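Residue-level structural notes
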Amino acid sequence: MADEAERERQRHLIGMLLASPFLMGAATALFLPALLGASMTLAFICGLFSLAWLFVLQISSSGSDRIAAPLALALGTVFVAMIVASAGGFVSPVSVMIAALPLEAYLRERTSRSLLVGGAAALAVLPLQALLGSILFAQIGPVAGWHWVLPIAYGMTLLPRIGGLIGQARPTQPDQRPTALEDMIEAVVVRMTPNGEVADVSAQARSMLRIAPELMLGSGLFDRIHISDRVAYLCALADLREGAARRKVELRLRLPRMQDDQPNDNYRPFCIELMSSGLPGQAFVALIRDNDEAVQLREALVASAEATEALELAKGRFLAAVSHELRTPLNAIIGFSDMLLLEMFGSFGDPRQKEYVALVRDSGRHLLEVVNSILDVSKIESGAYATNPEPFQFVEAVRMCEQMMSLQAENKAISLTTQIAPEAGEIQADKRAVQQMLINLVSNAIKFTPKGGSVALGAKRIGSRLHFWVSDTGIGIAEDDLCRLGKPFTQVQNDYTRQFEGTGLGLALVKGLVSLHEGTMSIESALGEGTTVTITLPVAGPTSQKGCEKGALLPMPPAKRKEDNNGALRKAG
């Protein structure tokens, strides 16, 4: 249905169509039997009733009076012209009925436009009654006083409506009417019962949904919802019945086809906002808005994420391919350098030659370590990292790390200590991966700790998880830089770290290995106060490895939110 003003106009027209056949039938019985005869007069009266009720049926079925209103005015014009001509023309009191045309038109809409249209219909009676008088009513009786019966009877029908003519006249300008809610927002306003039956739909449905509002009444709205979206819609209605004030649902509605090449199931995305007053038994209000823009943005975001992921995979494959190509010549460089340093084919003529060969070997080993780290990170990101889950004593991995890193700590006069609780015990994990985590963390701690500092490696078991940490008294990390840690090829750059070498792969590799084992990593640090990196791993191993054979690929866990994926990155103190 349309707005309240439109409903009032339709009610007025329907009332007039239901009542006017009685007055027109009485006029027909008074003035036309001499011309038509008794049987034709009766048929004419029945035709008047049929036409009036047909107009009422058309308004009720379509919800619009755009067809019935002009046809009813045209029929009334012809009938008034016929009655005036049969009563003797303008000399008869019946001619007063001409004023009924502009009066009824004005009573229906109460606008200057409707008064003009009714006046035009009244003017059309003048030539029409003259034409009918000369053709059909040439032989008419004299004008009689009883002709006043018809105008008086019509005047009596005006008495109940005189208040509407005087006190409730509508403004002459249509745009001066108060604006309804439906006209103020770009949405279809739907009012429904608590069980979801639609009782009223605003006229916006014609423009936004291309659907006649009356087609959505009852279960019409629910029938047009995509079947996969109906559960969410029904859940929102249930929440409102249980006391919720507002619910929003994104769904698809089936709309009529605008072109022949469109599919029969022409669904488009919309957003329905359901609202309730919270009072039991009160009707719900729903606002249906176009959701195309949000869906397009979401699809663009998904496409962008997929493109970014594809670029990351392409970058990983490229780095892996380049790294594989670098390993062969690097192994040759390192091997032949070792042979030269052992002087297997003769001694050096100059001591500087041996020094330079040692530099070449050390540089080759460093580059090989970088290449191996790149390969490991690429394998982790692509899900191709092969693991060998096995039970082992965690203290064994700690001892191996301590042996490897003790010389590096001694060179910087750094105290390297371990604090392994006896209950740390055994863990089910990839031993090589755990050793790699410890070596990378301890190496970073030594690298960023000034001479005379200390680095501590500790571990203890809490419940079903093993907690181990590496703490140092180094330069620390600013709070703003914590969020960037753990990304490949990313290093925190400041006045403290520029003097240290590194590719930014160590912590990224640790982060990837921790994720493979379904563990967590957290960092506590502050500038000048040192850093503590804590890792927790499940003692029984990751759930995804259950049933995996030795050397199988351990899948990466599903993507997590940033704060979960990085662990607790927070400033100490």
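Residues numbered from 1 in each chain as written. Predicted model: local features only at pLDDT ≥ 70, side-chain atom pairs only at ≥ 80, totals over all residues. Heavy atoms only, no water.

Looking at the pattern of salt bridges
According to the stated counting rule, one finds 14 salt bridges in the structure shown. In this structure, the salt-bridge partner of lysine 354 is glutamate 343, at a minimum N-O distance of 3.9 Å. Of this pair, lysine 354 sits in helix 14 (residues 351-382) while glutamate 343 sits in the loop between helix 13 (292-341) and helix 14, and the two are 11 residues apart along the sequence. Taking relative accessible area as the criterion, lysine 354 reaches 38% and is therefore assigned partly exposed. Put simply, aspartate 350 and arginine 352 hold a salt bridge, and the shortest N to O gap is 3.2 Å. Through salt bridges that share partners, Asp338, Arg361, Asp362 and Arg365 make up one connected network. (Salt bridge = Lys/Arg side-chain N within 4 Å of Asp/Glu carboxyl O. Helix = DSSP H or I, 4+ residues; strand = E, 2+ residues; numbered from the N terminus. Buried < 20%, exposed > 50% of the residue type's maximum accessible area, 1.4 Å probe, protein only.)

Re helix 17 (residues 506-516)
Most of helix 17 sits out of view: 10 of its 11 residues are buried. If you check which residues of helix 17 are buried, you get Leu507, Ala508, Leu509, Val510, Lys511, Gly512, Leu513, Val514, Ser515 and Leu516. Following helix 17 by one or two positions, glutamate 518 has its phi on the positive side, about 55 degrees.

Notes on a nonpolar patch on the surface
Taken together, the side chains of Val96, Trp148, Ile152, Met156 and Leu159 define a hydrophobic patch exposed on the protein surface, amounting to about 540 Å² of accessible area. Accessibility expressed as a relative area gives 55% for methionine 156, which makes it exposed. (Patch = residues over 30% accessible without salt bridge, like charges linked within 9 Å, V, L, I, M, F, W, Y side chains within 5 Å. Areas by Shrake-Rupley, 256 points an atom, 1.4 Å probe, with all protein chains shown as cover.)

Here's the deal with the sheet that holds strand 4 (residues 267-275)
If you walk across this open sheet you meet the five strands as 2-1-5-4-3, and the pairing is antiparallel. Across the chains shown, the open sheet's two edge strands, defined by having one partner strand only, are strand 2 (198-201) and strand 3 (246-254). Averaged over all adjacent pairs, the angle separating strand axes in this sheet is 25 degrees, with direction ignored. Of the pairings in the sheet, the one linking strand 1 (residues 188-192) to strand 2 comprises three bridges and is antiparallel in character. Paired with methionine 192 across the two strands is valine 198, which belongs to strand 2. (Pairing = 2+ DSSP bridges. Axes fitted to C-alpha atoms, helices over the stretch in contact; angles between N-to-C directions.)

Some words on the pairing of strand 11 (residues 520-526)
Here strand 11 lies mainly inside the structure; five of its seven residues are buried. Between the end of strand 11 and the start of strand 12 (residues 530-538), which pair antiparallel, lie three residues, with glycine 528 showing a positive phi angle near 75 degrees.

Some words on helix 7 (residues 149-158)
When helix 7 is considered as a whole, its buried residues turn out to be Leu150, Pro151, Tyr154 and Leu158. Around the axis of helix 7, the buried residues are gathered within 95 degrees of arc, so they sit on the same side. (Arc of directions from axis to C-beta.)

Points about the packing of helix 4 (residues 68-86) against helix 6 (residues 112-135)
At a minimum axis distance of 8 Å, the contact between helix 4 and helix 6 shows a crossing angle of 40 degrees. Classed by the angle they form, the pair helix 4 and helix 6 counts as oblique. Where helix 4 crosses over helix 6, the handedness of that crossing is right-handed. Facing helix 4, whose interface residues are Leu73, Thr77, Val78, Val80, Ala81, Met82, Val84 and Ala85, helix 6 presents Val117, Ala121, Ala124, Val125, Leu128, Gln129, Leu132 and Gly133. When the residues that make up the contact of helix 4 with helix 6 are grouped by side-chain class, the tally is 13 nonpolar, three polar and no charged. (Parallel < 35°, antiparallel > 145°, perpendicular 65-115°, else oblique. Left-handed = near helix turned anticlockwise from the far one by under 90°. Contact = heavy atoms within 4.5 Å. Nonpolar A, V, L, I, M, F, W, Y, C, P; charged D, E, K, R; others polar.)

Describing unusual backbone geometry
Unusually for a residue other than glycine, glutamate 343 sits at a positive phi of about 55 degrees. Unusually for a residue other than glycine, glutamate 518 sits at a positive phi of about 55 degrees. Residue placement: glutamate 518 occurs in the loop between helix 17 and strand 11.

Description of the environment of serine 92
Tracing the backbone shows serine 92 in the loop between helix 4 and helix 5 (100-109). A relative accessible area of 2% means that serine 92 is categorised as buried. A sequence separation of 52 residues divides serine 92 from alanine 144, and the C-alpha atoms of the two residues are 7.7 Å apart.

Brief notes about the confidence of the model for the protein chain
Mean pLDDT for the protein chain: 80, with 83% of residues reaching 70 or above. Confidence drops under a pLDDT of 50 for residues 167-179, and excluding neighbours within four residues, the segment shows 18 contacts in the predicted structure. (pLDDT = per-residue confidence, 0-100.)

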